[in-house]
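Results of the structural survey
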Amino acid sequence: MAVVAFVGICMADRISVLPAVAALRVDGKQTAERQFVRGGGNGANSAVQCARLGGAPRLLSKVGADEMGRKLIDELRAERVDCARVTVARPEEGATPACDIIVAGATRTIISMPYSDRVADLDVAADGLDDIALDTFLRSARVLCCDGRHPAAARAA
């Protein structure tokens, strides 16, 4: 089984599914057919797909010290993603990043939500990932995938 190391963002996707015939109105109110929240973010999504394809993914990321951050880590672990290097932010660093996704038929609109730079930018040294921890994360990985959302961590890797 190939070990793949991922460095990237882990966030909450808040999804609203509109009727397929609905056109998104900017100034108005619309009723969704269903709404749900699930894990997202390029790094986390790629790690989950790797696991589903039979790989052994490891994720280096950061979530907020909130209910959503804990839920995302649980979801990733349930998908067989190694989360040993997913850092939980200190409460003063902000909440888990989130975005809204509106789906109508074959189209989707993604609305990014602002979030604390301290949660968004995983700082390898400040977040307790010294050279030894980073080496352990990377050891035996056959591929390294960086999504660019944690530039300091990606450069260190």
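On a predicted model such as this, the values are computed, not experimentally measured, just so you know.

Of regular secondary structure, the protein possesses five helices and eight strands. Shown N-terminal to C-terminal, the secondary structure of the protein runs as helices and strands in the order β-β-β-α-β-α-β-β-β-α-α-β-α. Within the protein, contacts between residues at least 6 apart in sequence are counted, and of these 74% link residues at least 24 apart.

Attention shifts here to the sheet that holds strand E6 (residues 98-104). Strand order in this open sheet of four strands is E3-E2-E6-E7, and the pairing throughout is mixed. Either end of the sheet is taken by a strand with one partner, and the two such strands are strand E3 (34-40) and strand E7 (107-112). Within this sheet the neighbouring strands show an average axis-to-axis angle of 20 degrees, counted without direction. Against the sheet, helix H2 (residues 67-78) touches strand E2 (11-18) and E3, its axis set at about 75 degrees to E3.

What follows concerns helix H1 (residues 42-52). Three or more residues of H1 are buried, namely Gly 43, Ala 44, Ala 47, Val 48, Cys 50 and Ala 51. When H1 is viewed along its axis, its buried side chains cluster within an angular range of 160 degrees and face the same direction. Those residues of H1 that are buried lie in contact with strand E1 (3-7), E3, strand E4 (56-63) and H2. Residue Gly 54 follows H1 closely and has a positive phi angle near 100 degrees.

What follows is about the pattern of salt bridges. A full pass over the atoms with the stated rule returns five salt bridges. Close ionic contact of Arg 14 with Asp 100 constitutes a salt bridge, the shortest N to O distance being 2.9 Å. Here Asp 100 lies in strand E6 and Arg 14 lies in strand E2, a separation of 86 residues in the sequence. For Arg 14, a relative accessible area of 32% gives the class partly exposed. Two residues, Arg 90 and Glu 92, come together in a salt bridge whose shortest N-O distance is 3.2 Å.

With respect to the helices and strands, the residue Pro 97 is situated in the loop between strand E5 (82-88) and E6. The spacing of Pro 97 and Ser 112 is 15 residues in sequence and 8.9 Å in space, taken between C-alpha atoms.

Our next topic: H2. Between its terminal C-alpha atoms H2 stretches 17 Å, which fits the 16 Å expected from 12 residues at 1.5 Å a residue. For H2, the set of buried residues is Gly 69, Leu 72, Ile 73 and Leu 76. One side of H2 carries all its buried residues, which in axial view fall inside an arc of 95 degrees. With respect to the buried face of H2, the exposed residues turned more than 90 degrees away are Glu 67 and Ala 78. Check the buried side of H2 and you find it contacts E2, E3, H1, E4 and E5. Count one or two residues on from H2 and you reach Arg 80, which has phi positive near 75 degrees.

About the cut-offs
Residues numbered from 1 in each chain as written. Predicted model: local features only at pLDDT ≥ 70, side-chain atom pairs only at ≥ 80, totals over all residues. Heavy atoms only, no water. Helix = DSSP H or I, 4+ residues; strand = E, 2+ residues; numbered from the N terminus. Contact = heavy atoms within 4.5 Å. Pairing = 2+ DSSP bridges. Axes fitted to C-alpha atoms, helices over the stretch in contact; angles between N-to-C directions. Buried < 20%, exposed > 50% of the residue type's maximum accessible area, 1.4 Å probe, protein only. Arc of directions from axis to C-beta. Salt bridge = Lys/Arg side-chain N within 4 Å of Asp/Glu carboxyl O. Expected span 1.5 Å × (residues − 1).

Spatial relationships are all this shows, so hold off on functional conclusions.
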